[in-house]
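The chain contents come next:
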Amino acid sequence: MKKITAIVRPEKLEPLKEALFAAQVSGMTISQVQGCGSQHGWKEYYRGTEVLLNMVPKIKFEIVVDDERVDALVDLVSTVARTGEVGDGKIFIFPVEQVIRIRTGERGTHAV
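Conventions and cut-offs
The residue numbers shown here count from 1 along each chain, following its written sequence. Selection of residues for local features in this predicted model requires a pLDDT of at least 70, selection of side-chain atom pairs for listing and counting requires 80 or more, and totals for whole chains, interfaces and linings are taken over all residues. Excluding hydrogens and water, the side-chain figures rest on all heavy atoms present in the structure. The numbering of helices and of strands both runs from the N terminus, where a helix is a DSSP run of H or I of at least 4 residues and a strand a run of E of at least 2. The globule rule used for comparison is 2.2 Å times the number of residues to the exponent 0.38, while the radius of gyration itself is calculated over C-alpha atoms. The buried label goes to any residue with under 20% of its type's maximum accessible area, the exposed label to any with over 50%, and the partly exposed label to all in between, with areas taken from a 1.4 Å probe on protein chains only. Two residues qualify as a contact provided that any one of their heavy atoms is within 4.5 Å of a heavy atom in the partner residue. Computed with a 1.4 Å probe, the accessible areas rest on the Shrake-Rupley method; for each residue, only the protein chains presented here act as cover. By nonpolar core is meant a set of buried Ala, Val, Leu, Ile, Met, Phe, Trp, Tyr and Cys residues that side-chain atoms within 4.5 Å join together. Note on method: axes are straight lines fitted to C-alpha atoms, helices fitted across the in-contact stretch only, with angles between N-to-C directions ranging 0 to 180 degrees. Should an angle lie under 35 degrees it is considered roughly parallel, over 145 roughly antiparallel, and from 65 to 115 roughly perpendicular; all remaining angles are considered oblique. Two helices crossing with the near one rotated counterclockwise from the far one by less than a right angle form a left-handed crossing, whereas a clockwise rotation gives a right-handed crossing. Residues are grouped as follows: Ala, Val, Leu, Ile, Met, Phe, Trp, Tyr, Cys and Pro are nonpolar; Asp, Glu, Lys and Arg are charged; all remaining types, including Gly, are polar. Positive charges come from Lys and Arg alone, negative charges from Asp and Glu alone, with His and the N- and C-terminal ends not counted. Salt bridges are counted wherever a side-chain nitrogen of Lys or Arg sits within 4 Å of a carboxyl oxygen of Asp or Glu.

Novice: Please clarify how the overall build of the chain should be interpreted in this entry.
Specialist: Secondary structure assignment for the chain yields 2 helices and 6 strands. Reading the secondary structure of the chain in the N-to-C direction produces β-α-β-β-β-β-α-β. Taking 2.2 N^0.38 as the reference for a compact globule, 112 residues should give roughly 13 Å; the C-alpha atoms of the chain span a radius of gyration of 17 Å, well beyond that estimate. Considering only C-alpha atoms, the chain reaches an extent of 60 × 30 × 20 Å along its principal axes. Looking at the chain as a whole, 29% of its 112 residues qualify as buried. For the chain, contacts bridging at least 24 residues in sequence account for 70% of all contacts bridging at least 6. Carbon and sulfur atoms provide 52% of the accessible area of the chain, an area that totals close to 7700 Å².

Novice: Just checking my understanding: could you explain the nonpolar core for this structure?
Specialist: The nonpolar side chains of a soluble globular protein tend to be buried with one another. Within the largest apolar cluster, 18 residues are counted, with the highest numbers of intra-cluster contacts made by Ile 4, Val 8, Leu 16, Leu 20, Phe 61, Ile 63 and Leu 73. At the level of elements, β1 (2-8), α1 (13-22), β5 (56-65) and α2 (70-81) are the ones that each hand at least two residues to this core. The element contributing the most residues to this core is α2, with 6 residues. When near neighbours in sequence (up to four residues on either side) are disregarded, Val 8 contacts Leu 16, Lys 58, Ile 59, Phe 61, Ala 81 and Asp 88.

Novice: Where do I start with the environment of Met 1 in this structure?
Specialist: Among the structural elements, Met 1 can be located in the segment before β1. Judged by its relative accessible area of 18%, Met 1 falls in the buried class. Each C-alpha atom of the pair Met 1 and Val 65 lies 5.6 Å from the other, and the pair is 64 residues apart in sequence. With residues near it in sequence (within four places) discarded, Met 1 still touches Val 64, Val 65, Asp 66, Asp 67, Phe 94, Pro 95, Val 96, Val 99, Gly 108, Thr 109 and Val 112.

Novice: I'm lost on the packing of α1 against α2 in this one. Help?
Specialist: If you want to describe how two helices pack, look at the angle between their axes and the distance between the axes. The interhelical angle for the contact between α1 and α2, taken along N-to-C directions, is 150°, at an axis separation of 10 Å. As summarised for this structure, α1 and α2 are arranged roughly antiparallel, according to the angle between their axes. Note on packing geometry: the crossing formed by α1 with α2 is right-handed. Contacts between α1 and α2 pair Pro 15, Leu 16, Ala 19 and Leu 20 from the former with Leu 73, Leu 76, Val 77 and Val 80 from the latter. Per-class residue counts for the contact of α1 with α2 are 8 nonpolar, no polar and no charged.

Novice: Explain the side chain of Lys 12 to me, please; I cannot follow it from the model alone.
Specialist: As for its position among the elements, Lys 12 is in the loop between β1 and α1. Buried charge Lys 12 goes without a salt bridge, the closest partner of opposite sign being Glu 11 at 6.6 Å. Once residues within four sequence positions are removed from consideration, Lys 12 is found in contact with Val 80, Ala 81, Arg 82 and Thr 83.

Structural data, given as structure tokens:
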């Protein structure tokens, strides 16, 4: 199993969520996050004082899937989230050793 973490633009929340549900992803965790990448923020003026705003709002999707589905879902996320502009985001893939459903104690792929 693998965990796919995608950091995307806030306006891609609904389109990406709908695309993942259409691809029969059984569950996901979505968080509002802030961060900076190659943009390094921008300068604004507040009451005559220059302020550096270097944290950009983003949405983080986390899903755990079988190894066979990783490539297809990464392609899906890339296609839906891409605008072609700086700040489209990143996708990270991590190995998952074990999944345990707390309610039933099920382990492995049955718990996903």
